[in-house]
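Chain and residue survey
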Amino acid sequence: MQIDDLLITESQLNSRLNNSVHENRRGEFALLLAMLSHDALDFSQFHLPKTETDNLVIEEEALRKQFGAGPKQLLAPDEYNMLVGQFNASLISQEGEHCGMTSIKLRQCLSPEPLAIRNDDKHIPLNIIDNCELAVRRRIKSEQTQLANPPIDAAAFYDSLNNDALHQPLQLIAV
């Protein structure tokens, strides 16, 4: 059995799973299933056509008011801040472990701290990337390279070169 690329979805196997069941080859069937991606986002049902929904933020705010939920917890502060949660250790040391933890929980409910210290929602620490499966690492790497190397509009680039060349005379430099 030869497989050219990384297996992600069952559609890449064509009828191999079916053939291995009918020919009673349990080992091959188990191997093929084990080779598929374990990431739920790679499953076919997550790649259906998408429709846009309107006003998700307004609906969330309305639900927060209706159920009396506290303020929304930020993913990250507006600027890089290593001091997120700086008072927690002092609360525990001053008030004791039990009272300090209660104060921390109350403060977290009233004014939640951001979940991360950096304002980069695309940042994933390297130790987490190294712990991911090969398919997930490949997807993350391709997304990062797409952001680092955006596609170039060749026609517009050549048009700009032609326009610049028409307006500026060519100068030769003697060596």
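In what follows, the structure referred to is the one given above.
Now for a look at the structure at hand. (Residues numbered from 1 in each chain as written. Predicted model: local features only at pLDDT ≥ 70, side-chain atom pairs only at ≥ 80, totals over all residues. Heavy atoms only, no water.)

What follows deals with the overall build of the chain. Looking only at helices and strands, the chain features eight helices and zero strands. Reading the helices (α) and strands (β) of the chain from amino to carboxyl end gives α-α-α-α-α-α-α-α. Counting only residues that meet the buried cut, the chain has 14% of its 175 residues in that class. Within the chain, residue pairs in contact and separated by at least 24 positions form 61% of the contacts whose partners lie at least 6 positions apart. (Helix = DSSP H or I, 4+ residues; strand = E, 2+ residues; numbered from the N terminus. Buried < 20%, exposed > 50% of the residue type's maximum accessible area, 1.4 Å probe, protein only. Contact = heavy atoms within 4.5 Å.)

This next bit is on the pattern of salt bridges. Pairing between side chains of opposite charge can happen when the charged atoms of each approach one another. Taken as a whole and assessed by the stated rule, the structure comprises three salt bridges. The closest approach of N and O atoms between Glu28 and Arg25, which form a salt bridge, is 3.0 Å. Note that Arg107 and Glu113 form a salt bridge whose closest N and O atoms lie 3.2 Å from each other. On the basis of relative accessibility, which here comes to 28%, the residue Arg107 falls in the partly exposed class. In the salt-bridge network here, residues are joined through shared partners; they are Glu23, Arg25 and Glu28. (Salt bridge = Lys/Arg side-chain N within 4 Å of Asp/Glu carboxyl O.)

Ranked by size, the top nonpolar core spans five residues in total: Leu7, Leu13, Leu17, Leu32 and Leu36. For Leu7, the residues in contact, after removing those within four places along its chain, are Gln12, Leu13, Met35, Leu36 and Ser37. (Core = buried A, V, L, I, M, F, W, Y, C linked by side-chain atoms within 4.5 Å.)

Orientation of helix α4 (residues 88-95) relative to helix α5 (residues 97-110), taken along the N-to-C sense of each, is 145°, at an axis distance of 6 Å. For the pair α4 and α5, the sense of crossing is right-handed. Along the contact surface, α4 presents Asn88, Leu91, Ile92 and Glu95, while α5 presents Glu97, Cys99, Gly100, Met101, Ser103, Ile104 and Arg107. Among the residues forming the contact of α4 with α5, the class breakdown is five nonpolar, three polar and three charged. (Axes fitted to C-alpha atoms, helices over the stretch in contact; angles between N-to-C directions. Left-handed = near helix turned anticlockwise from the far one by under 90°. Nonpolar A, V, L, I, M, F, W, Y, C, P; charged D, E, K, R; others polar.)

In this section: a nonpolar patch on the surface. Nonpolar side chains collect at one region of the surface, where Tyr80, Met82, Leu83 and Ile117 lie side by side and expose about 420 Å² of accessible area between them. Structurally, Tyr80 is set in the loop between α3 (56-67) and α4. (Patch = residues over 30% accessible without salt bridge, like charges linked within 9 Å, V, L, I, M, F, W, Y side chains within 5 Å. Areas by Shrake-Rupley, 256 points an atom, 1.4 Å probe, with all protein chains shown as cover.)

Of note, the phi angle at Asn24 is positive, near 60°, even though the residue is not glycine. In this fold, Asn24 is placed in the loop between α1 (16-22) and α2 (26-35). By relative accessible area, Asn24 is classed as exposed at 58%.

Our next topic: the environment of Val136. With respect to the helices and strands, the residue Val136 is situated in helix α7 (residues 134-148). For Val136 and Ile8, which are 128 residues apart along the polypeptide, the C-alpha to C-alpha distance reads 9.7 Å.

Mapping Ile92 onto the fold places it in helix α4. Considering only alpha carbons, one finds Ile92 and Ser103, eleven residues apart in sequence, at a separation of 8.7 Å.

Below, the discussion takes up the side chain of Ser20. Within the secondary structure, Ser20 sits in helix α1. Residue Ser20 is classed as buried on the basis of its relative accessible area of 1%. Not counting chain neighbours up to four residues away, the residues in contact with Ser20 comprise Arg25, Glu28 and Phe29.

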